[in-house]
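Geometric and topological summary
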Amino acid sequence: MSSECHQLYSFLSACQGNWRGSVHICTHGPGYLLSADRDGHPTIMAVEQFQQLAGEMIDPAECCGQLTADAFKALYAQYLLWQVPSAECDPLLFLSQRGTGQS
């Protein structure tokens with residue numbers, strides 16, 4: 001299975017197969033979708049990537065909640081200290097490229 005397919009599978013598993021069960025993280029672009037895996041780790045997927053892989057358009061208003069990027073960083077501050085390689089690294093981009101927030 002390709003890494004993109006695995007990432008999509010992991011994200012959809014975390015939100016019980018429905019992106020509407022995720023939280024939209026607002027950024028200057030289309031944003032990110034946030035859910036939590038079975039262990040409570042954040043699972044992040046870029047909206048653009050989800051749309052491309054799933055062929056479905058995301059309407060942020062249909063998500064179960066919304067956060068700003070700053071609110072996400074504040075909520076997961078301690079987690080990000082251990083998971084993101086440096087303070088200069090964009091945590092949303094890093095976690096979304098990693099597939100899941102797990103180590």
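This text goes with the structure placed above it.
How each quantity is defined
Residues numbered from 1 in each chain as written. Predicted model: local features only at pLDDT ≥ 70, side-chain atom pairs only at ≥ 80, totals over all residues. Heavy atoms only, no water. Helix = DSSP H or I, 4+ residues; strand = E, 2+ residues; numbered from the N terminus. Rg over C-alpha atoms; globule rule 2.2 N^0.38 Å. Expected span 1.5 Å × (residues − 1). Contact = heavy atoms within 4.5 Å. Buried < 20%, exposed > 50% of the residue type's maximum accessible area, 1.4 Å probe, protein only. Polar contact = N/O pair within 3.5 Å; in protein donor to acceptor, adjacent residues only side chain to side chain. Core = buried A, V, L, I, M, F, W, Y, C linked by side-chain atoms within 4.5 Å. Salt bridge = Lys/Arg side-chain N within 4 Å of Asp/Glu carboxyl O.

Examining the overall build of the protein chain
Along its length, the protein chain carries five helices and four strands. The linear arrangement of helices and strands in the protein chain, starting from the amino end, is α-β-β-β-α-β-α-α-α. A compact globule built from 103 residues would reach a C-alpha radius of gyration of about 13 Å, and the protein chain, at 13 Å, matches this within 12%. With the principal axes as the frame, the protein chain shows a C-alpha extent of 35 × 30 × 25 Å.

Concerning helix α1 (residues 3-14)
Residues spaced three or four apart along an α-helix point in a common direction, a consequence of the helix completing one turn every 3.6 residues. The end-to-end C-alpha separation of α1 is 16 Å, in line with the 16 Å expected for twelve residues at 1.5 Å each. For α1, the secondary structure elements touched by its buried residues are β2 (32-36), β3 (42-46), α2 (47-54) and α5 (91-98).

Thoughts on the side chain of Ser96
With respect to the secondary-structure elements, Ser96 resides in helix α5. Take Ser96: its relative accessible area is 5%, and that puts it in the buried class. Here Leu93 takes part through its backbone oxygen, which lies 3.0 Å from a polar atom of the side chain of Ser96. Contacts of Ser96, omitting those with residues within four sequence positions, involve Gln7, Tyr32, Ile44, Met45, Ala46 and Gln49.

Side note on the nonpolar core
In this structure, Ile25, Leu34, Ile44, Phe72, Leu80 and Leu92 are the most contacted members of the largest nonpolar core, which totals 14 residues. Of all elements in the fold, only β1 (23-26), β2, β3, α3 (69-75), α4 (77-83) and α5 reach the threshold of two or more residues within this core.

Structural notes on the pattern of salt bridges
Applying the stated rule across the entire model yields two salt bridges. Here the residues in one salt-bridge network are Arg20, Glu56 and Glu62, joined through shared partners.

Section: the environment of Ser10
Here Ser10 is to be found in helix α1. A sequence separation of 51 residues divides Ser10 from Ala61, and the C-alpha atoms of the two residues are 23 Å apart.

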